[in-house]
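Chain by chain, the residues run as shown.
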Amino acid sequence: MSSPPPPPLADQPRDPAPSIWSYRAQRLWLTPLFRRVVRIGLPSFVLVFGLGLYFADEQSRTAFAANVQELRQSIESRPEFRVNAMAISGASTAVEEDIRAYLGLSFPVSSFDLDLAAMRGRIEALPAVAQAELRIQAGGYLAVNVRERVPVVIWQTREGTVLIDAEGHFVADLATRTLDSPLPLIGGDGADHVVGEALSIHAAAAPLADRLLGLVRIGERRWDVVLQDGRRILLPEEDAAQALDRALGLHDATDILSRDVLRLDLRDADRVSVTLSPQAMEALRQERLRARADPTGERSG
């Protein structure tokens, strides 16, 4: 007998297993690297490729730059970004005028056009300014807070007379500033490097305030105290203020600075030397001649 014919294909059950290509595609999609490439790499490539084609054309680049510039100008010109005025605090009238002239701002101006760090550097470059702080406040105000250098002494140099602060920084020419109160006068090369020492000596010389002219730095090593009548007190390099105290004590005891003394030399800590005026020297010479002519000390007649 012959075997029965096979059933038609339509009547056979389908195999639920995926095909080899479907299986490989599913396995590939489960790979993290492949998913990142498809989700990130491929769109990025398309985007970069499209932008490259667009910007390869010069007209496209020009049009894009013009659109960006127009958008930027429209944003910068908005009222909320506009600065209409500048307010300066902590500065004297003269310094405020210098700051305004030095910055040269023309209001209104966009806040995007203001480089606050550069402006701060320019303001602090002014001799009279020790520190500056700039910020843009609500309402369109550029607030500038300034800390000025405070002059503490007048320094007489070969080039002129200037004001300097406690750290020796130049503040202004004396002719350009009006002082609220008199300041100590110092002179000599290197005097600006030892302002603190000069102030301590000036404080020690307070009993001579009505006769004191100033201090002179000698050889960038020590000080001379100069009185208004030209007398000088020569101070040592070390412990100058203490040496001046000793000179004032000697003056209280002997009134030496009211005599015919041009120089009171305290440079040697073990002794005090004096330089007499020409008139006093001549009187001393005559007195010595008389002493030699009359050894007994008796005067004839």
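Residues numbered from 1 in each chain as written. Predicted model: local features only at pLDDT ≥ 70, side-chain atom pairs only at ≥ 80, totals over all residues. Heavy atoms only, no water.

1. What to know about the overall build of the protein
Turning to step 1, where the next piece is worked out: Within the protein, the secondary structure is distributed over 8 helices and 14 strands.
Turning to step 2, where the next piece is worked out: The contacts of the protein with a sequence gap of at least 6 include a subset with a gap of at least 24, amounting to 42%.
Turning to step 3, where the next piece is worked out: Total accessible area on the protein is roughly 20,600 Å²; 55% of this is exposed by carbon and sulfur atoms. (Helix = DSSP H or I, 4+ residues; strand = E, 2+ residues; numbered from the N terminus. Contact = heavy atoms within 4.5 Å. Areas by Shrake-Rupley, 256 points an atom, 1.4 Å probe, with all protein chains shown as cover.)

2. Digging into a nonpolar patch on the surface
Turning to step 1, where the next piece is worked out: Nonpolar side chains collect at one region of the surface, where Leu42, Phe45, Val46, Phe49 and Leu53 lie side by side and expose about 550 Å² of accessible area between them.
Turning to step 2, where the next piece is worked out: Among the secondary structure elements, Phe49 is positioned in helix H2 (residues 32–55). (Patch = residues over 30% accessible without salt bridge, like charges linked within 9 Å, V, L, I, M, F, W, Y side chains within 5 Å. Salt bridge = Lys/Arg side-chain N within 4 Å of Asp/Glu carboxyl O.)

3. Describing the nonpolar core
Within soluble globular proteins, side chains that are nonpolar generally end up buried alongside one another.
Turning to step 1, where the next piece is worked out: Ranked by internal contacts, the top residues of the largest apolar core, which has 31 residues, are Ile186, Ile201, Trp223, Val225, Ile233, Leu235 and Leu244.
Turning to step 2, where the next piece is worked out: Within the residue set of this core, elements represented by two or more residues are strand E6 (153–156), strand E7 (161–164), helix H6 (195–204), strand E10 (212–218), strand E11 (222–227), helix H7 (240–254) and strand E13 (261–265).
Turning to step 3, where the next piece is worked out: Top element by residues in this core is H7. It accounts for 6 residues.
Turning to step 4, where the next piece is worked out: With sequence-adjacent residues up to four places away left out, Leu235 is seen in contact with Ile201, Arg222, Trp223, Asp224, Val225, Ala240, Ala243, Leu244, Leu266 and Arg267.
Turning to step 5, where the next piece is worked out: Ala91, Leu126, Ala128 and Val144 belong to the second largest nonpolar core, which has 23 residues in total. (Core = buried A, V, L, I, M, F, W, Y, C linked by side-chain atoms within 4.5 Å. Buried < 20%, exposed > 50% of the residue type's maximum accessible area, 1.4 Å probe, protein only.)

4. Observations concerning the packing of aromatic side chains
Turning to step 1, where the next piece is worked out: Summed over all chains, the structure comprises 0 aromatic pairs.
Turning to step 2, where the next piece is worked out: A cation over an aromatic ring shows up here: Arg122 above the ring of Tyr102, its NZ or CZ 5.2 Å from the ring centre. (Phe/Tyr/Trp six-rings, centres within 6.5 Å; stacked < 30°, edge-to-face > 60°. Lys NZ or Arg CZ within 6 Å of the ring centre and 35° of its normal.)

5. So, unusual backbone geometry
Turning to step 1, where the next piece is worked out: That bond from Phe107 to Pro108 is cis: its omega, 0°, falls within 30 degrees of zero.
Turning to step 2, where the next piece is worked out: When you line up the elements, Pro108 lands in the loop between helix H4 (93–103) and strand E3 (109–110).
Turning to step 3, where the next piece is worked out: A positive phi angle, close to 55°, is found at Glu220, a residue other than glycine.
Turning to step 4, where the next piece is worked out: Its location among the elements puts Glu220 in the loop between E10 and E11.
Turning to step 5, where the next piece is worked out: In this structure, Asp239 is a non-glycine residue whose phi angle is positive, near 55°.

6. Digging into the sheet that holds strand E2 (residues 85–89)
Turning to step 1, where the next piece is worked out: Spatially, E2-E5-E4 is the arrangement adopted by the 3 strands of the open sheet, whose pairing is mixed. Two strands bound the open sheet, and with one partner strand each, they are E2 and strand E4 (129–137). Strand-to-strand, the axes of this sheet are offset by a mean angle of 20°, without reference to chain direction.
Turning to step 2, where the next piece is worked out: For E4 and strand E5 (residues 141–148), the ladder comprises 8 bridges, and the chain directions are antiparallel. Opposite Ile136, over in E5, you have Leu142 as the bridge partner.
Turning to step 3, where the next piece is worked out: On the sheet, H4 packs against E2, E4 and E5 and is oriented at approximately 145° with respect to E2.
Turning to step 4, where the next piece is worked out: Across the sheet, helix H5 (residues 116–124) touches E4 and E5, and the angle it forms with E4 is around 150°. (Pairing = 2+ DSSP bridges. Axes fitted to C-alpha atoms, helices over the stretch in contact; angles between N-to-C directions.)

7. Quick word on the side chain of Arg231
Turning to step 1, where the next piece is worked out: As for its placement among the helices and strands, Arg231 is situated in the loop between E11 and strand E12 (232–234).
Turning to step 2, where the next piece is worked out: Here Leu257 takes part through its backbone oxygen, which lies 3.3 Å from a polar atom of the side chain of Arg231.
Turning to step 3, where the next piece is worked out: Polar contacts involving the side chain of Arg231 include one to the main-chain carbonyl oxygen of Arg259, which spans 2.2 Å.
Turning to step 4, where the next piece is worked out: Non-local contacts of Arg231, meaning those with residues more than four positions away in its chain, are made with Arg211, Val225, Val226, Leu257, Ser258, Arg259, Asp260, Val261 and Leu262. (Polar contact = N/O pair within 3.5 Å; in protein donor to acceptor, adjacent residues only side chain to side chain.)

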